[in-house]
Amino acid sequence: MARSSAPAEVPSHFLCPISLQLMRDPVTLPTGISYDRAAISRWLAAPAPAAARSCPVTRAPLPPRPQLTPNHTLRRLIHAWLASLSPGAEVDDEDVAAALRAPASGDEVGALLSDAAAARVEALRRLRELVAECEDSRAVLESQDGVFDALSRVVSSGDACSTAREEAVGVLASLRIPEPELAGVAARHANLGEALTAVLRSSNLKSRANAAILVRSLSEAAWPAWVIGLSQELLAEVVRVVRDRISARATKAALHALAAVCPYGRTRVKIVGAGAVPALVDLLLDDPERRLCELALTALDRLCTCAEGRAELVAHAAGLAVVGKKVLRVSEATTERAVRVLRSVARHAATPAVLQEMAQSGVVAKLCAALLSEQCGVRTKEKAHEVLKLHARTWRSSPCLSPKILGLYPS
């Protein structure tokens, strides 16, 4: 589309109250306020007590799952306005294309799903495009009987080509699959883990990211037996997603997946054996954004509940130092998880060399500071105090601690 120096002024009622962007897929809440579907869906999905869930504009309370009614009138008005723009008006081409795109019909989606179930690449690719283009089209696909099983069969099929499996994974990763469906998919398709391992090894970075997202969803919803049965190879590929930093979305999904499978002892040891601890430490060394930092420390905290995880952390040249660095640096949640990791090490892996390193690297100083900080909750302060008390004799006599830090040391 041609550009001009004077951008077109978007009418205010065409802008989403949340994103302040032109609405691509306007929907209306029961309060009568319209939003872009993607923005209000993110708002409603954000963690919040049911009693605190409200309309962003009116602040009126909302039910746990409020109905999002497509606002076809507003959509038509936006389309008409876009069509009336002069050829030189400055509006993002992708916004125009998305807004002008009508949702797919049930018959169209059903026919595509039938072809997709036969592992036809073009049909799978078209389904993925429809889901990405329009929320209404995604809802139509999600409503099709047997959609999740059909696509999962393609992923786990030995007859489907690698491209078809990757496209099927891309569609599944884009769908909102109910937890009972996810658990059923994992139970009915015994070789799904092996198939996802193959996709995670793909040279296509987007396919690897989609596979990580699907592994996360399955790990959080599947029966414990499925999680415990995950192979070392699959876990190693999930760790590799963290190490390779494909994208922030893929890294978050991989960290969520690791945290979800960590509670199971045998799986935890497998994850450590797959190199998760050095990968998490290296991620923390890069000072990732807040949410990535919190997720990395959550996984590290769970891995350090086993001897193998603690051994890997103290063996890393920067392991204890980077965990200590995150105390009082990123968020209250990060501080709490970092202190938990340090507590695990102090209680179960405190050799003289480890205690000396904790003093030299500033970990002890950070724990002392945490006791006096308003950023720390009561439980975090109790854990920090426990660690400092546990090794008071060693650290109080350490030449690595300055008089200032010793002045902060609890009596």
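Chains are numbered independently. Their residues run from 1 in the order of the written sequence. Predicted model: local features are reported for residues with pLDDT of at least 70 only, side-chain atom pairs are reported and counted for 80 or more only, and whole-chain, interface and lining totals are derived from all residues. Only hydrogens and water are removed before side-chain values are computed, so all heavy atoms of the structure are retained for them.

- In the nomenclature of an unreviewed UniProt entry, the protein is known as U-box domain-containing protein of Urochloa decumbens.
- UniProt positions are given in the numbering used here, feature names are shortened, and annotations may be inferred rather than shown by experiment. The Catalytic activity (unreviewed entry) comment attached to the protein in UniProt states, word for word, "S-ubiquitinyl-[E2 ubiquitin-conjugating enzyme]-L-cysteine + [acceptor protein]-L-lysine = [E2 ubiquitin-conjugating enzyme]-L-cysteine + N(6)-ubiquitinyl-[acceptor protein]-L-lysine."
- As its UniProt record puts it under Pathway (unreviewed entry), the protein is described as follows: "Protein modification; protein ubiquitination."

## Describing the nonpolar core
What tends to happen in soluble globular proteins is that the nonpolar side chains get buried as a cluster.
Move 1: Here, the term nonpolar core denotes a set of buried Ala, Val, Leu, Ile, Met, Phe, Trp, Tyr and Cys residues that are joined through side-chain atoms within 4.5 Å. Exposure classes here rest on a 1.4 Å probe applied to the protein chains alone. A residue is buried below 20% of its type maximum, exposed above 50%, and partly exposed in between. One finds Leu-196, Leu-300, Leu-313 and Trp-395 to be the most contacted residues of the largest nonpolar core, which totals 114 residues.
Move 2: When sequence neighbours within four positions are dropped, the list of residues in contact with Leu-313 reads Val-277, Val-281, Leu-300, Cys-304, Gly-319, Leu-320, Val-323, Val-341 and Val-345. Two residues qualify as a contact provided that any one of their heavy atoms is within 4.5 Å of a heavy atom in the partner residue.

## A short note on unusual backbone geometry
Move 1: Even without glycine at this site, Arg-245 takes up a positive phi of about 50 degrees.
Move 2: Numbering of helices and strands runs from the N terminus; a helix is a DSSP stretch of H or I covering at least four residues, while a strand is a stretch of E covering at least two. With respect to the helices, strands and loops of the structure, Arg-245 is situated in the loop between helix 13 (232–244) and helix 14 (248–261).
Move 3: A positive phi angle, close to 50 degrees, is found at Asp-287, a residue other than glycine.
Move 4: Taking the relative accessible area as the measure of exposure, Asp-287 reaches 41% and is therefore partly exposed.

## Looking at the UniProt feature "repeat: ARM" (unreviewed entry) in the protein
Move 1: UniProt's entry tags residues 275–318 with the feature "repeat: ARM" (unreviewed entry), counted in the numbering of this structure.
Move 2: Structurally, residues 275–318 comprises 75% helix and 0% strand, and the distance from its first C-alpha atom to its last is 15 Å.

## Focus on the pattern of salt bridges
Move 1: Each salt bridge in this description consists of a side-chain nitrogen of Lys or Arg and a carboxyl oxygen of Asp or Glu lying within 4 Å of one another. Applying the stated criterion across every chain yields a total of 24 salt bridges.
Move 2: Between Arg-201 and Glu-237 there is a salt bridge, with the nearest N and O atoms lying 3.3 Å from each other. Of the two residues, Arg-201 is situated in the loop between helix 10 (192–200) and helix 11 (205–221) and Glu-237 in helix 13; the sequence distance between them amounts to 36 residues.
Move 3: We classify Arg-201 as partly exposed; its relative accessible area is 47%.
Move 4: Between Asp-286 and Arg-245 there is a salt bridge whose closest N-O contact spans 2.5 Å. With Asp-286 in the loop between helix 16 (276–285) and helix 17 (290–303) and Arg-245 in the loop between helix 13 and helix 14, this residue pair connects regions lying 41 residues apart in the sequence.
Move 5: Within this structure, Arg-201, Arg-208, Glu-237, Arg-240 and Asp-244 form a network of salt bridges that share partners.

## A word on the packing of aromatic side chains
Move 1: The aromatic pairing rule takes the rings of Phe, Tyr and Trp, using the six-membered ring of Trp, and pairs them if the centres are within 6.5 Å, calling planes under 30 degrees apart stacked, those over 60 edge-to-face and the rest tilted. Throughout the structure, instances matching the rule amount to one aromatic pair.
Move 2: Between Phe-14 and Trp-81 the ring centres are 6.0 Å apart and the planes differ by 65 degrees, which places this aromatic pair in the edge-to-face class. With Phe-14 in the segment before strand 1 (26–28) and Trp-81 in helix 2 (residues 72–84), this residue pair connects regions lying 67 residues apart in the sequence.
Move 3: According to the relative accessible area criterion, Phe-14 is buried, its value standing at 5%.

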